[in-house]
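Report on the structure
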Amino acid sequence: MGQLNTFPLSYKIEGKRIVIVGGGEEALNKARLAIKTTASVVIISEDIEADFSALPVSVIARPFVASDLDGTALVFVAGHGADGVAAKAAARARGIPLNVVDVPEECDFYTPSIVERAPLTVAISTEGDAPVLARLVRARIEALLPPGLGKVARLAGSLRAKVEKLIQDGPAKRRFYEDLVTSPAIEAAANAGDGAQAAEALLEAHARNGAGAGMVWLIGAGPGSEDLLTLRAQRLLQEADVIVHDQLVPDGVVEMGRRDAERICVGKAKGHHSFSQAQINTLLVRLAGEGKKVARLKSGDPMIFGRAGEEIAALRKAGIGYAIVPGVSAALAAAADTATPVTLRKVSSGFVMATAHGADDGELQHWAALAASGLTLALYMGKSIAAEVAGRLIAHGAGASLPVGIVVNAGRADKALYAGTLGGLADGTVDFAPGPAIIFVGEAVAAGDWGEAADLAQASFKVA
Ligand code: SAH
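Residues numbered from 1 in each chain as written. Predicted model: local features only at pLDDT ≥ 70, side-chain atom pairs only at ≥ 80, totals over all residues. Heavy atoms only, no water.

Let me state the cut-off plainly: UniProt positions are given in the numbering used here, feature names are shortened, and annotations may be inferred rather than shown by experiment.
In the nomenclature of an unreviewed UniProt entry, the chain corresponds to Siroheme synthase from the organism Devosia geojensis. One UniProt comment on the chain, placed under Sequence similarities (unreviewed entry), says "Belongs to the precorrin methyltransferase family."

Here it is, written out as structure tokens:
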């Protein structure tokens, strides 16, 4: 670890003044920061150029005088005229911390980038070395913290005495506060103005039952790029004690969880030893039963070919709380990768997500009719039997000239595209890249951008 040249601290300003000397844009920027506090903010300058009218500040349009610093906690100098010189001297004479905008050598303190969910504040500083980095870090933290978190923090503060009375055990107290500050239900109640009631109910439940209740979140991880994860998924991954994930969820996503969270891979990759669905159900019930917060991470969206139905049934039966977090399903990522509008006016009036695997003849016949009628099919789990499925769709009446587009590793950097017709796919033997694939069938596919796609056999819908 290196050493800091500044000392991070939270400085009390309640009941005091923050004086900003200057009347331009820089003064306005500092004013915007200062009004986040309860200090009274005073702007002093002969030339008030910026528009301060929207801010709760006092504007004094005259030269600075030393007595302006009575009762002042902090001074910002944002202007280099005689006022600035006088204000700097006066602040130094009185020992009031001084910030001279854009002149680091003259500053007693800097203002870090902040993420503010009052009373929660996260300050990010690079001691002026890399403001761009500070901004990027700030954006990430901003995304991680739900907007209502400040209200939840206030709730925690207001319940402190009651918690002390009702829960004596230290770890039990900590579990209560963890539960309080991470519960989406409490946050929602706080935003709706019912936070106090919800928080007290939670406290009473903890006091009665001991350990906080476990919980399972079924979370969609998206198609495999970290930045296609939802903000909610990312947040809950940070909260989970255990992450139970499928083989298809890439390491990068699994690693977004808390560093000390337990990680369990339940397999489900072809040819791998994997847990049976019944074992997974039992595992989830057991972990949540121990009071743990479990993130059940599934590729794409959990409700689409994710066996979510069975897991939900098991959790319901065991009386364990659960919530579902949607994700970007593979077919949608494939549509995005290839700019394919899966519904398209006058061409495709709908979109069917279907499994190619284990589809029986009746289903195939149904889809062939749908595809011929203009719906776009997205077939999951069909790569290894692609030619066979294409042949059977044709046998059931789908046109051999229907456009087909296949995306292997949709939504990822290593995606691979294939385009052609249903007939071409049925006849050809394509050497697909390794990885999971989505097979699109339907007229709308031809409207996509399949420019870099390899041909499926000779027949291609690509028109240059
Ligand atoms: N719940 C997932 C689907 C799981 S079933 C979702 O909503 O996407 C597994 C099948 O999903 C694979 O056989 C493949 O057809 C598809 N799939 C998953 N990830 C994929 C990806 N990145 N690219 C293409 N297809 C993918």
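There is more to say after this.
**Remarks on unusual backbone geometry**
Glycine aside, the phi torsion of most residues is negative, and most peptide linkages are trans. We apply this condition: By the criteria applied, helices consist of DSSP H or I runs no shorter than four residues and strands consist of E runs no shorter than two, each listed in order from the N terminus. Think of it in three bands: residues with accessible area under 20% of the maximum for their type are buried, residues over 50% are exposed, and the middle band is partly exposed, with areas taken using a 1.4 Å probe on protein chains only.
Across the junction of alanine 118 and proline 119, the peptide omega takes the value 5°, indicating a cis bond. Among the structural elements, proline 119 can be located in the loop between strand E6 (113–117) and strand E7 (120–124). One non-glycine residue with positive phi stands out, namely arginine 307, at about 55°. Mapped onto the secondary structure, arginine 307 falls in the loop between strand E11 (293–298) and helix H11 (308–318). With a relative accessible area of 40%, arginine 307 lands in the partly exposed category. Its identity as a non-glycine residue notwithstanding, asparagine 409 has a phi of 60°, on the positive side.

**Remarks on the sheet that holds strand E1 (residues 17–21)**
As a reminder, the rule being used: Strands are labelled as partners when DSSP assigns at least two bridges between them. With axes taken as lines fitted to C-alpha atoms, and helix axes fitted only over the stretch in contact, angles between N-to-C directions fall between 0 and 180 degrees. Only heavy atoms matter for contacts: two residues are in contact if any of them lie within 4.5 Å across the pair.
Taken in spatial order, the five strands make up an open sheet running E3-E2-E1-E4-E5, and their pairing is parallel. The open sheet terminates on both sides in strands that have one partner only, identified here as strand E3 (58–60) and strand E5 (98–100). Recorded for the sheet is a direction-independent mean angle of 20° between the axes of neighbouring strands. Where E1 lies against strand E4 (residues 72–77), five bridges are found, and the strand directions are parallel. Note that in E4 the partner of arginine 17 across the bridge is threonine 72. Its contacts with the sheet put helix H1 (residues 25–34) on E1, strand E2 (40–44), E4 and E5, and the angle it makes with E1 is roughly 170°.

**Quick notes on the domain arrangement of the chain**
How we decide: Start and end positions for the domains come from either an automated domain assignment or a database one.
With domains assigned, the chain is organised as domain 1 (17–111), domain 2 (149–209), domain 3 (215–325) and domain 4 (332–455). On a C-alpha basis, the centres of domain 1 and domain 4 stand 64 Å from each other.

**A look at the pattern of salt bridges**
Just so we agree on the cut-off: Criterion for a salt bridge: a side-chain nitrogen of Lys or Arg within 4 Å of a carboxyl oxygen of Asp or Glu.
Taken as a whole, this structure holds 22 salt bridges when the rule is applied. A salt bridge links arginine 286 to glutamate 290, with the nearest nitrogen and oxygen atoms 3.1 Å apart. Exposure remark for arginine 286: the relative accessible area of 46% places this residue in the partly exposed category. By relative accessible area, which is 43% here, glutamate 290 ends up partly exposed. Across the salt bridge formed by lysine 298 and glutamate 311, the nearest N and O atoms sit 3.1 Å from each other. Of this pair, lysine 298 sits in strand E11 while glutamate 311 sits in helix H11; the two residues are 13 residues apart in sequence, bridging distant segments of the chain. We note that lysine 298, like glutamate 311, is buried. Where salt bridges share partners, they join Asp246, Arg296, Lys298 and Glu311 into one cluster.

**Description of the pairing of strand E8 (residues 215–220)**
Counting buried residues in E8 gives six out of six residues, a clear majority hidden from the surface. Neither face of E8 is left uncovered, since the one carrying Met215, Trp217 and Ile219 and the one carrying Val216, Leu218 and Gly220 both have all their residues buried. In the sheet, E8 pairs with E11 via six bridges, with the strands oriented parallel. Counterpart to isoleucine 219 in the pairing with E11 is leucine 297. Sheet topology places E8 next to strand E12 (residues 321–325); five bridges connect them, and they run parallel. Opposite methionine 215, over in E12, you have glycine 321 as the bridge partner.

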